[in-house]
Amino acid sequence: MTENKITATSGIACYSPGLAGIPAAESSISYVDGQHGHLEYRGIDIEQLAEHSSFEETAWLLLYGKLPTADELASFDKELRHHRRVKFRIRDMMKCFPESAHPMDSLQATVAALGMYYPFPKSEKGRLDPKTAHQVCVNLIAKMPTLVAAHARMRHGDDPIAPRDDLSHAANFFYMLTGEEPYPLTERIMDVALIVHAEHTMNASTFSTLVVASTHADPYSSISAAIGALAGPLHGGANEDVLHMLDEIGSVEAADAYLNNKLSKKEKISGLGHRVYKTKDPRATLLQKLYVELTEKMGSDPTYEIARHIEELSKSTLGSKGVCPNVDFYSGIVYRKLGIATDLFTPIFAVSRVAGWLAHWKEQLGDGRLYRPNQIYRGLRDQTYVPIEKR
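Small disclaimer: the values here were computed from a predicted structure and weren't measured.

(A) The packing of helix 2 (residues 55-64) against helix 6 (residues 130-154), seen in detail. Contact geometry of helix 2 with helix 6 gives a least axis separation of 12 Å together with a crossing angle of 145°. Like other packed secondary-structure pairs, helix 2 and helix 6 cross with a definite hand, here right-handed. Residue-level inspection shows F55, A59, W60, L63 and Y64 of helix 2 in contact with helix 6, the latter providing H134, C137 and I141. Per-class residue counts for the contact of helix 2 with helix 6 are seven nonpolar, one polar and no charged.

(B) Just the sheet that holds strand 3 (residues 44-45), in detail. Pairing in this open sheet of three strands is antiparallel, and the strands run 1-2-3 from one edge to the other. Both edges of this open sheet fall to strand 1 (30-33) and strand 3, since each of them pairs with a single strand only. Bridge analysis of strand 1 against strand 2 (residues 38-41) gives four bridges, and the strand direction is antiparallel. Paired with V32 across the bridge in strand 2 is L39.

(C) Region of interest: the layout of surface pockets. Quantified by volume, the largest pocket comes out at close to 1300 Å³. Forming the walls of the largest pocket are 34 residues, and the residues nearest its centre are M202, N203, A204, R275 and V276. At the level of elements, strand 1, helix 9 (204-213), helix 15 (327-337) and helix 16 (345-367) are the ones that each hand at least two residues to the lining of the largest pocket. For the lining of the largest pocket, the per-class residue count stands at 17 nonpolar, 12 polar and five charged.

(D) Expanded view of the packing of helix 3 (residues 70-82) against helix 6. Where helix 3 meets helix 6, the closest approach of the two axes is 8 Å, and the angle between their N-to-C directions is 60°. With respect to helix 6, the element helix 3 is oriented oblique. By crossing handedness, the relation of helix 3 to helix 6 is classed as right-handed. On helix 6, the residues touching F76, E79 and L80 of helix 3 are H134, V138, I141 and A142.

(E) A look at the pattern of salt bridges. Overall, the coordinates contain 14 salt bridges when judged by the stated rule. Among the salt bridges present, the one from K262 reaches E267, with a minimum N-O distance of 3.2 Å. Look at K262 and you get buried, because its relative accessible area is 18%. What makes E267 partly exposed here is its relative accessible area of 35%.

(F) Seen up close, the nonpolar core. Counting residues in hydrophobic clusters, the biggest one holds 105 residues, and the most contacted among them are I141 and L358. Of all the elements, helix 6 adds the most residues to this core, at 14 residues. Ignoring sequence-local partners within four residues, the contact set of I141 consists of F55, A59, L63, F76, L80, H169, V354, A355 and L358.

(G) Main features of the confidence of the model for the protein chain. Model confidence for the protein chain is summarised by a mean pLDDT of 91, while 95% of its residues fall at 70 or above. Predicted confidence for residues 1-10 stays below pLDDT 50, and this span has 20 contacts to residues more than four positions away or in other chains.

(H) Structural detail: the pairing of strand 2. Hairpin connection of strand 1 to strand 2: four residues between the antiparallel strands, including G37 at a positive phi of 65°. Sheet topology places strand 2 next to strand 3; two bridges connect them, and they run antiparallel. Across the sheet, residue Y41 finds its bridge partner in strand 3, namely I44. In textbook terms, the turn of a hairpin is the stretch between consecutive antiparallel strands, and for strand 2 and strand 3 this stretch comprises two residues, one of which, R42, has a positive phi near 50°.

(I) Representation of the side chain of S30 within the structure. The residue S30 is located in strand 1 in this model. Separated by 2.6 Å, the side chains of S30 and E199 make a polar contact. Here T201 takes part through its backbone nitrogen, which lies 3.0 Å from a polar atom of the side chain of S30. Setting aside chain neighbours within four positions, we find S30 in contact with E40, Y41, R42, E199, H200 and T201.

Parameters and conventions
- Residues numbered from 1 in each chain as written.
- Predicted model: local features only at pLDDT ≥ 70, side-chain atom pairs only at ≥ 80, totals over all residues.
- Heavy atoms only, no water.
- Axes fitted to C-alpha atoms, helices over the stretch in contact; angles between N-to-C directions.
- Helix = DSSP H or I, 4+ residues; strand = E, 2+ residues; numbered from the N terminus.
- Left-handed = near helix turned anticlockwise from the far one by under 90°.
- Contact = heavy atoms within 4.5 Å.
- Nonpolar A, V, L, I, M, F, W, Y, C, P; charged D, E, K, R; others polar.
- Pairing = 2+ DSSP bridges.
- 1 Å grid on protein atoms, 1.4 Å probe; cavity = no way out; pocket = protein on both sides within 12 Å on 5 of 7 lines; lining within 4 Å.
- Points joined across faces, edges and corners; volume = space filled by probe spheres on them.
- Parallel < 35°, antiparallel > 145°, perpendicular 65-115°, else oblique.
- Salt bridge = Lys/Arg side-chain N within 4 Å of Asp/Glu carboxyl O.
- Buried < 20%, exposed > 50% of the residue type's maximum accessible area, 1.4 Å probe, protein only.
- Core = buried A, V, L, I, M, F, W, Y, C linked by side-chain atoms within 4.5 Å.
- pLDDT = per-residue confidence, 0-100.
- Polar contact = N/O pair within 3.5 Å; in protein donor to acceptor, adjacent residues only side chain to side chain.

Spelled out as structure tokens, the structure:
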């Protein structure tokens, strides 16, 4: 059985693998129409935000349910810039990580460690002081780019680059990663990429946030759990797989044979298909547009031509089944064009998505219900213990 039904008369629950189709929460943060490829944050279409907003403004929108006034945005932006630095002991801890450690593992560990340096006050019945909640949100949104960029450099034996207060969130992140102040186009593309990854309803990492938050654990633990979920190749880690696939294909001419081989074996094609979208992911459309803008300044890339050809081929073979490009299909191509290492793609995802995770964290504390799902037991019953000498 794949559907979940609890009838009023029998009270019998049917098992739904992966909790597919089961509402796990009520939320007013984001909305997805998978049939028509539509995504909204707090009722505002993602395309409008990508065109007119900034990551800082979008983060405020997600956290507080409305667009900020000019004064609110200026104050929030100032706070984020002021809290970018991390404790030197965190950096010392990162120096002890193995050089081969994946950046997502480093990020998960350091975010969890932040909770020891910024103790979260336990409140009665989970009630949260708004000022405390705000400070947590500022702290995590501001510091996560610093943690990602620091590990990216230290694993190569280089000192981390200190954040700059005179740069925007996106520009500062790019600067700490590369050591170069971005051009205006690069800054805008980085900013839009952060916006489109900031939130996406009840996915695996958001659900992880809610489960941990429902225990009234500190928020750093909740976000660390979300990072762990996002690291998986079936979630955020898929963007790395897309580039590996495109590199493996190697040329447009080889794309047909690759796709046909995958289809004949009924194997998954990286970057195609989504649990919710049955048409092209609107975020994939936006990221593809960003890449085209980049090519006007930096020239085209054979990798993109392969991806575009795979998309066209898949329309005739998989389009009728609702298997279309998702957000991962074009995000990696954009980041590679900006000179960012492949294994940093998912950490960038986390740097953005922390805004959505925190919005759900706040919402969960308002509900205050501990997650405690049931199970359907399939094991043995009424067994007799056998002493070890008789086994």
